[in-house]
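Given next are the chains, with one letter for each unit.
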Amino acid sequence: MIIDTLENFEKYVGLNPRFQQVSEYLHTHTLSNQPQGRLVLDGKDLYVNFDLAKGKTPLEAKLESHNEMIDIQIPISTVETMGYTPRQSLPEATYNEEKDITFYDGMAQQYITITPGMFVIFFPQDAHAPCISTESSIQKAIFKVRKY
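In this text the structure is predicted, and so the values were computed from the model without any measurement.

Details of the sheet that holds strand S10 (residues 118–122)
Next, step 1: Ordered by their spatial adjacency, six strands build an open sheet running S1-S10-S5-S12-S3-S2, and the pairing between neighbours is antiparallel. One side of each edge strand has no neighbouring strand; the edge strands of this open sheet are strand S1 (2–5) and strand S2 (37–42). On average, each strand axis in the sheet is inclined to that of its neighbour by 20 degrees, with strand direction left out of account.
Next, step 2: Where S2 meets strand S3 (residues 46–54), five bridges bridge the pair, whose relative direction is antiparallel. Each bridged residue has a counterpart across the sheet, and for Gly37 the counterpart in S3 is Phe50.

And the structure:
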């Protein structure tokens with residue numbers, strides 16, 4: 001997991017060849033002006049979901065992980081808290097290959113709070129519980145990047 005400000009995103013482009021495309025998109029677009037929905041940037045290997053997600057309590061937020069995709073999550077409208085647990089600390093759970101997601105029971109071990117202007121990168125080894133907020137909805141961008 002990586003947490004930083006958007007102005008520093010370029011420092012991480014060497015971690016995955018597709019991160020350069022994410023960096024270019026961030027430099028050339030205003031995230032708050034994007035319509036809701038999925039924008040495909042490179043087929044199934046790189047896309048961004050612009051969501052208006054429901055704010056959840058820590059009890060409501062489900063831990064999830066992905067085998068094939070890396071999440072770059074960026075809150076746009078409000079502060080967002082996300083749960084985090086190393087995947088290796090969790091019991092085996094059913095993987096949905098079609099949706100590339102595994103859900104886990106229980107609450108996260110730790111919580112992080114990020115504000116607009118920041119991002120968090122969750123790799124396949126990082127289980128995360130997004131969308132924790134006292135706000136009823138959270139405008140956010142989630143870049144989905146195929147791992148190498």
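Okay, back to it.
Remarks on the nonpolar core
Next, step 1: Phe9, Phe19, Ile72, Ile121 and Phe143 are the most contacted members of the largest nonpolar core, which has 22 residues in total.
Next, step 2: Those elements that place two or more of their residues in this core are helix H1 (19–28), S3, strand S5 (69–75), S10 and strand S12 (137–146).
Next, step 3: Sorting elements by how many residues they give to this core places H1 first, with four residues.
Next, step 4: Every residue in contact with Ile72, bar those within four places of it in the chain, is listed here: Phe9, Phe19, Val22, Phe119, Val120, Ile121, Ala141, Ile142, Phe143 and Val145.
Next, step 5: One finds Ala61, Leu90, Tyr104 and Ile132 within the second-largest nonpolar core, a separate group that totals eight residues.

What to know about the layout of surface pockets
Next, step 1: Its boundaries defined by the atoms lining it, the largest pocket holds a volume of some 600 Å³.
Next, step 2: As for the largest pocket, its lining consists of 26 residues, and the residues nearest its centre are Asn49, His66, Lys99, Ile101 and Lys144.

A closer look at the side chain of Lys140
Next, step 1: Looking at the element boundaries, Lys140 is found in strand S12.
Next, step 2: Overall, the relative accessible area of 1% leaves Lys140 in the buried class.
Next, step 3: Polar side-chain contacts of Lys140 include one of 2.6 Å to the side chain of Gln73.
Next, step 4: Filtering out sequence-adjacent residues up to four positions away, Lys140 remains in contact with Asn49, Phe50, Asp51, Ala53, Gln73, Ile74, Pro75, Ile76, Glu80, Met82, Pro130 and Cys131.

Brief notes about the pairing of strand S11 (residues 126–132)
Next, step 1: Across the seven residues that make up S11, a large majority, seven, are buried.
Next, step 2: One ladder, built from five bridges, connects strand S6 (residues 80–86) with S11; its direction is antiparallel. Note on S11: the bridge partner recorded for Thr81 is Ile132.

Calculation rules
- Residues numbered from 1 in each chain as written.
- Predicted model: local features only at pLDDT ≥ 70, side-chain atom pairs only at ≥ 80, totals over all residues.
- Heavy atoms only, no water.
- Pairing = 2+ DSSP bridges.
- Helix = DSSP H or I, 4+ residues; strand = E, 2+ residues; numbered from the N terminus.
- Axes fitted to C-alpha atoms, helices over the stretch in contact; angles between N-to-C directions.
- Core = buried A, V, L, I, M, F, W, Y, C linked by side-chain atoms within 4.5 Å.
- Buried < 20%, exposed > 50% of the residue type's maximum accessible area, 1.4 Å probe, protein only.
- Contact = heavy atoms within 4.5 Å.
- 1 Å grid on protein atoms, 1.4 Å probe; cavity = no way out; pocket = protein on both sides within 12 Å on 5 of 7 lines; lining within 4 Å.
- Points joined across faces, edges and corners; volume = space filled by probe spheres on them.
- Polar contact = N/O pair within 3.5 Å; in protein donor to acceptor, adjacent residues only side chain to side chain.

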